[in-house]
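# Structural overview for review
Okay, here's what each chain looks like letter by letter:
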Amino acid sequence: MLEERDYNAEGRKWVIGGIAVVIVLIYIIRLFFLQLLSEDFRIKADSNAFYHRVQYPARGAIRDRKGQLLVYNQPAYDIMVIMNEQKGVDTMGLCRDLRIDKDWYIRRMEEIKDPWRNPGYSNYTQQLFMSQLSVEEFSRFREKLFHYPGFYIQKRSIRQYERPIGAHILGDVGEVGPKDIESDDYYKMGDYIGKLGVERFYEKQLRGIKGEEILLRDARGRIKGHYQGGKYDKMPVPGKNLTLSIDADLQALGERLMEGKKGGIVAIEPKTGEILCMVSSPAYDPRIMVGRQRGKNNLKLSQDPNKPLLNRAIMGTYPPGSTFKTGQALTFLQEGIITPSTTFPCSRGFHYGGLTVGCHSHGAPLPLEPAIATSCNAFFCWGLLSMFSNRHKYPTVQDAMTTWKDYMVSMGFGYALGVDLPGEKRGMIPNAAFYDKVNSGSWNGLTVISISIGQGEVTLTPLQIANLGATIANRGWFITPHVVKHIQDEPLDSLYRTRRYTMVDRENYELVVAGMRRAVTGGTCRSAETSMYEVCGKTGTAQNPHGKDHSAFMGFAPKDDPKIAICVYVENGEWGATYGVPIGALMMEQYINGHLSEYSEKKAEMFQNRHIITSTAGDEE
Amino acid sequence: MKSERFSVWSSVDWITILFYVALMVMGWISVCGASYDFDAGGSIFDFASRSGKQLMWIGTAIVLCVAVLSVDERIVESLSYLLYLGMVALLVVTPFLAHDTKGSLSWIDLGYGIKLQPAEFAKFTTALCAAKVISVYKLKLSKWLHLILASLIFLVPMILIIMQKETGSALVYASFFLMCYREGMTGSVLFTGIAAVMYFVIGARYAEIPLWGVEQIKLGEYLVLTLIHIFTSVLLMIYGEDRREFLRVSLWGLLIIVCAVFFSHYVLPFDASWVVLLVLVFDIVYLVLLAFKDHVMRYIYIALFSLGSIATFYSVDYLLTDVLQPHQQTRVRVLLGLEDDPKGAGYNVIQAQIAIGSGGLRGKGFLCGTQTKLKYVPEQDTDFIFCTVGEEEGFVGCAVVLLLFLALILRLIALAERQVDSFGRIYGYCVLSIFLFHVFINIGMVLGLTPVIGIPLPFFSYGGSSLWGFTLLLFIFLRIDAGRKRLKHT
């Protein structure tokens, strides 16, 4: 027994123990690195095991002011792909079954993987491969789905439109772009977003809130139920329904009347600022901007020389022509430049210092009321000249100009009104600095004389002209025009509930109203006269250096309890009385009576068929 | 007899039993976590579930403990040869009786749904026999002949188990060399053995991984060659005469090796392994010159070790990557237990690391791990059971388990060293070497540090055979240890 201690190997227990200690030490260090220093593994584990299934909310429906359904949802099917599951799929077969070509497939796959186009890309989650298959396309593909592992079907909904009207107001819904994804975390590639119109402006209300189911997924991709029994699942919150202030029947009539013409109609309920109709022509059927043909049609419309995608009612900036004279009269009265009895001469126009502004023949000299009724150019030129030359009141012409501009701005010109639609233009109201720059500081009332009759540098949108009508109808105030009357469970923005007063007193408005009434009873707007209610109106014939004059009408009715204020603007329609007045009259009749008389219906048909432009691509399928 | 049985319970080492119980309880918790199904739910005590069955195995293992402790160790000692021969015979016939279980021929079906793996029980019979032979014949393992004779005892079952296509289990018998080292085998054998294993493991594990983004450098080759330089330097340090001179030479070599990588990364990408090889050639030439100058034969041996190391590494590498066809390579790798990879390169190891890494400091909590339960980790309640510990109990749990194993092994060293006769000591070292090997390979594999070799983690992995095998192994030693007092008295 003692022999065994011979080789004195007892010290080797330290070596063996040491080996054990070193191994355990190395492993603990390794564990430290794996478990405590890196979040990567936790993230990978979560993406392994948790399958976040998005629950899409139903987008809010859109109705017109009478509750008529305009936009609703219809089921559609998206094809989704999980990249690391789809390897080795029969690409040719897939292309055949989905009726797509191979180039499209390759391009789409690259788009999905492109981190710039698709910032939220992950190998493990579903990515949108193809969107909005119709029910028939879907049912054909569903039978073959099992051939293609990694491809899934996601039920979505697409917008459907009850009537082929109001495309510019309603807007449309399309796939989000990279900018949307970047600026708002809510969106992931393949989501839908409002692109234009109300769909865009009220996107946050319409879209609702996405829900999420957290499911457990095993190594073979099988779903093993809800994580923690669904404790962390979130139900989707449906989007809010919108009620528009638009009267669908009025809108439909407006679009009919504007067929084959360029321009716009805006009608406003003066009391509330609610927009009753907003026609932009050429128009297009909103139903062509749905589903997979959206891209193709969108391209076609954007290339059309008549620009059907442009909402002329808020984006078209036109010289207001004589409709602008009402605003001038109000300014001159308020500033004391003229009184109701002030008369100015007119000998077939305004002649002063070698400058002539032509006018048609009528009795002269004349005071304000008949000047509005006959749309006398000379009266308003003299008025503006008197104002801009009045050095007692305004030390310099610049001061006069600034005062004039402030009046215009108070009436809602020169700046965007703030309508609840994207893309509204501000138009143009020049100021003193503008003319200083253009004329090197040397100018006077004569230099800018054409602004008094709504020509020259002045431009307004049809919405602004209609709003002028509403302001006059209200005798001095307006509420910012808006197309949405009511949002489900949410008050309207205070902007759309607050009166904005102009700088002009009510009694001066009464004088202008009298002039506009006289224009209908015995002036330029005679064809709008009806026994049913008292119409007030003002024509406009805007000179157009590029072609025939534009035809404009601004009016409201009934005179003492205005229900509707309207602007009709027809490009190249020549005289205001040619298109503007009759179309305006038909629109007012439709809205106030709820229908057109037999006679008016015939008249409407006639105007529907009177085309100024030869082809409107937007009306095609 | 009565008084003697009493003495067993008072003299048995309760500290070891405490570690044993602690490990087994934690093991059962892990099996529960690994086999729990979110869908099915159900009770973890249900005998139809894996956790329920494991509870049954634990119960029977405890009965086994009591039984083993009740048997006089002298009877066990005297039965050593018989047990060994019986087991060898069983191992010989096993492949003929066994059903093919995932390519392995090591399981014998006993009916009633119970399967037995004789290889698990061969460990303690071999250990007993080795202890008996070495102690009885007073073999001096420092002598080559005696060492070869002793190693035959465990080489025989090793080869038989390889024939059952259980390479992993067979490799465990290599751990007997640790016992041999304690019993006098020259250190250079162990050193050479450890060095060879390290070359192989590091070379194979990191073969295709580039170093620091430089495609030209294979991490495995670079590391192994650097290791050879370090080993050569260490040997020179231990056996050489002018240590300061040698230290300077080896540090210069290391500096050049490191600089080569920096140059390769920042200036011009090239295979820095060539630089390491040049340093090694210089080492060898230097050693040979020294040997002739100082007439010291030891330097030649060290040069031979260095040369042999290079030759071993490249011949294995060449054999594995160039001579064999890809499918043959795979077969060899599977045979060596290097490949157990149904889903392609490294899937198991990656998923295992994800599971462990996601546990964090405190873990996700009992039955709350997702990776293991959703079957992302393969063999999750057997070979990869440690993943469950990592995911559910976190860093704290893993460290506790590792330290418990370390405590057990160190305690066993202490117990082995206090044995009065060499039989007990040799058997003790066999036991602790086997535990150390299992912990080293199994946890290393799960942590992605050692190759994937399918052997169980003692007291954790699901299965009756391995639990019984380890229990027998340990408690026979505890019985021997308990008996040492009586020997003193007589």
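This section reports on the structure supplied with the text. (Residues numbered from 1 in each chain as written. Chains lettered and ligands numbered in written order. Predicted model: local features only at pLDDT ≥ 70, side-chain atom pairs only at ≥ 80, totals over all residues. Heavy atoms only, no water.)

### Re the nonpolar core
Stated formally: What we call a nonpolar core is a set of buried Ala, Val, Leu, Ile, Met, Phe, Trp, Tyr and Cys residues that are connected through their side-chain atoms within 4.5 Å. Only protein chains enter the area calculation, which uses a 1.4 Å probe; residues under 20% of their type maximum are buried, those over 50% are exposed, and those in between are partly exposed. The helix count covers DSSP runs of H or I at least four residues long, the strand count covers runs of E at least two residues long, and both are numbered beginning at the N terminus. Domain start and stop points were drawn from an automatic or database domain assignment.
The biggest cluster of nonpolar side chains holds 123 residues, and the ones touching the most others in it are B:Phe386, B:Tyr427 and B:Phe459. In terms of residue count, helix H17 (residues 385–417) of chain B provides more of this core than any other element does, 17 residues in total. Lining this core are residues from two domains, each supplying at least three of them: domain 1 (1–71 + 349–478) and domain 2 (73–185) of chain B. In this structure, A:Ala248, A:Val290, A:Cys346 and A:Met554 belong to the second largest nonpolar core, which totals 100 residues.

### Focus: the interface of chain A and chain B
Selection criterion: The contact definition used throughout considers only heavy atoms, calling two residues in contact when any of these lie within 4.5 Å. Buried area, as used here, totals the accessible surface that two parts lose on assembly, with accessibility defined by a 1.4 Å probe and the loss added over both. The rule for a salt bridge is simple: a side-chain nitrogen of Lys or Arg has to be within 4 Å of a carboxyl oxygen of Asp or Glu. As used in this structure description, the phrase polar contact means that two N or O atoms lie within 3.5 Å; if the pair is within protein, one of them must be able to donate a hydrogen and the other to accept it, and residues adjacent in sequence are counted only when both atoms belong to side chains. Residue classes follow a fixed rule: Ala, Val, Leu, Ile, Met, Phe, Trp, Tyr, Cys and Pro count as nonpolar, while Asp, Glu, Lys and Arg count as charged, and any other residue, Gly among them, counts as polar.
Taken together, the contact between chain A and chain B spans 40 residues of the former and 61 residues of the latter. The contact between chain A and chain B buries some 4400 Å² in all, and 67% of this surface belongs to carbon and sulfur atoms. In this assembly, chain A and chain B are joined by zero salt bridges. Counting every contact that joins chain A to chain B gives nine residue pairs in polar contact (both at pLDDT 80 or more). Tallying contributions element by element places helix H1 (residues 12–36) of chain A first for the side of chain A that touches chain B, with 19 residues. Residues belonging to the side of chain A that touches chain B are distributed by class as follows: 23 nonpolar, four polar and 13 charged.

### Digging into helix H5 (residues 80–97) of chain B
Every α-helix winds through 3.6 residues per turn, so residues three or four apart in the chain are directed the same way. All names here are of chain B. For clarity, the threshold we go by: Between the first and last residue of a helix there are one fewer steps than residues, each counted as 1.5 Å, and that sum is the expected span. At every residue, the bend is computed as the angle between two fitted axes, covering the seven residues ending there and the seven beginning there respectively.
Taking 1.5 Å per residue, 18 residues should reach 26 Å; H5 reaches 25 Å between its end C-alpha atoms and fits that length. The largest bend in H5 is about 25 degrees, located at leucine 91, with the proline proline 95 one to four residues further on. Along H5, the residues classified as buried are Ser80, Tyr84, Met87, Val88, Leu91 and Thr94.

### Focus: the sheet that holds strand S1 (residues 50–55) of chain A
Residues and elements named next belong to chain A. Inclusion rule: Pairs of strands are assigned from DSSP output, requiring at least two bridges between the strands. Angles run from 0 to 180 degrees between N-to-C directions of axes, and those axes are lines fitted to C-alpha atoms, restricted for helices to the stretch in contact.
Strand order in the open sheet made by the three strands is S1-S8-S9, with antiparallel pairing throughout. Either end of the sheet is taken by a strand with one partner, and the two such strands are S1 and strand S9 (223–226). If you compare each strand with its neighbour and ignore which way they point, the axes differ by 35 degrees on average. Judged from the two bridges that link them, strand S8 (residues 211–217) and S9 form a sheet pairing that is antiparallel. Bridging from a neighbouring strand, leucine 215 pairs with histidine 226 of S9.

### Comments concerning the packing of aromatic side chains
Geometrically, a pair of aromatic rings is defined through the distance of the ring centres and the angle of the planes. Here is the rule: Each Phe, Tyr or Trp ring (for Trp, its six-membered ring) is paired with any other whose centre lies within 6.5 Å, and the angle between the two planes then decides the class: stacked below 30 degrees, edge-to-face above 60, tilted in between. For a Lys NZ or an Arg CZ to count as sitting over a ring, it must be within 6 Å of the ring centre and within 35 degrees of the ring normal.
Under the criterion given, the structure shown has 40 aromatic pairs over all chains. Judged by centre distance (5.4 Å) and plane angle (80 degrees), the ring pair of A:Phe129 and A:Phe151 falls under edge-to-face. With A:Phe129 in strand S4 (residues 127–133) and A:Phe151 in strand S5 (residues 151–161), this pair connects stretches of sequence that are 22 residues apart. Taking the relative accessible area as the measure of exposure, A:Phe129 reaches 1% and is therefore buried. These aromatic residues form a ring-pair network of at least three members: B:Tyr20, B:Phe435, B:Phe459, B:Phe470 and B:Phe475. A:Arg610 extends its terminal NZ or CZ atom over the ring of A:Tyr579, reaching a point 4.9 Å from the ring centre.

### Structural notes on a nonpolar patch on the surface
To be explicit about the condition: Like-charged residues within 9 Å of one another, or nonpolar side chains (Val, Leu, Ile, Met, Phe, Trp, Tyr) within 5 Å, are grouped into patches, provided each residue has over 30% relative accessible area and no salt bridge. Residue exposure ignores everything except the shown protein chains as possible cover, and the areas themselves are Shrake-Rupley values with a 1.4 Å probe.
Taken together, the side chains of A:Leu25, A:Ile29, A:Phe32, A:Phe33, A:Leu36, A:Leu37, B:Leu361, B:Val396 and B:Val400 define a hydrophobic patch exposed on the protein surface, amounting to about 780 Å² of accessible area. Here B:Leu361 is to be found in the loop between helix H16 (347–357) and H17. We classify B:Leu361 as partly exposed; its relative accessible area is 43%.

### Side note on unusual backbone geometry
Residues and elements named next belong to chain A. The linkage connecting serine 281 with the following residue, proline 282, adopts the cis geometry, with an omega of 0 degrees. Checked against the element boundaries, proline 282 lands in the loop between strand S12 (274–281) and helix H11 (294–303). In this structure, the amide linkage connecting alanine 557 to the following residue, proline 558, adopts the cis form with an omega of -15 degrees. In this fold, proline 558 is placed in the loop between strand S19 (550–557) and strand S20 (564–570).

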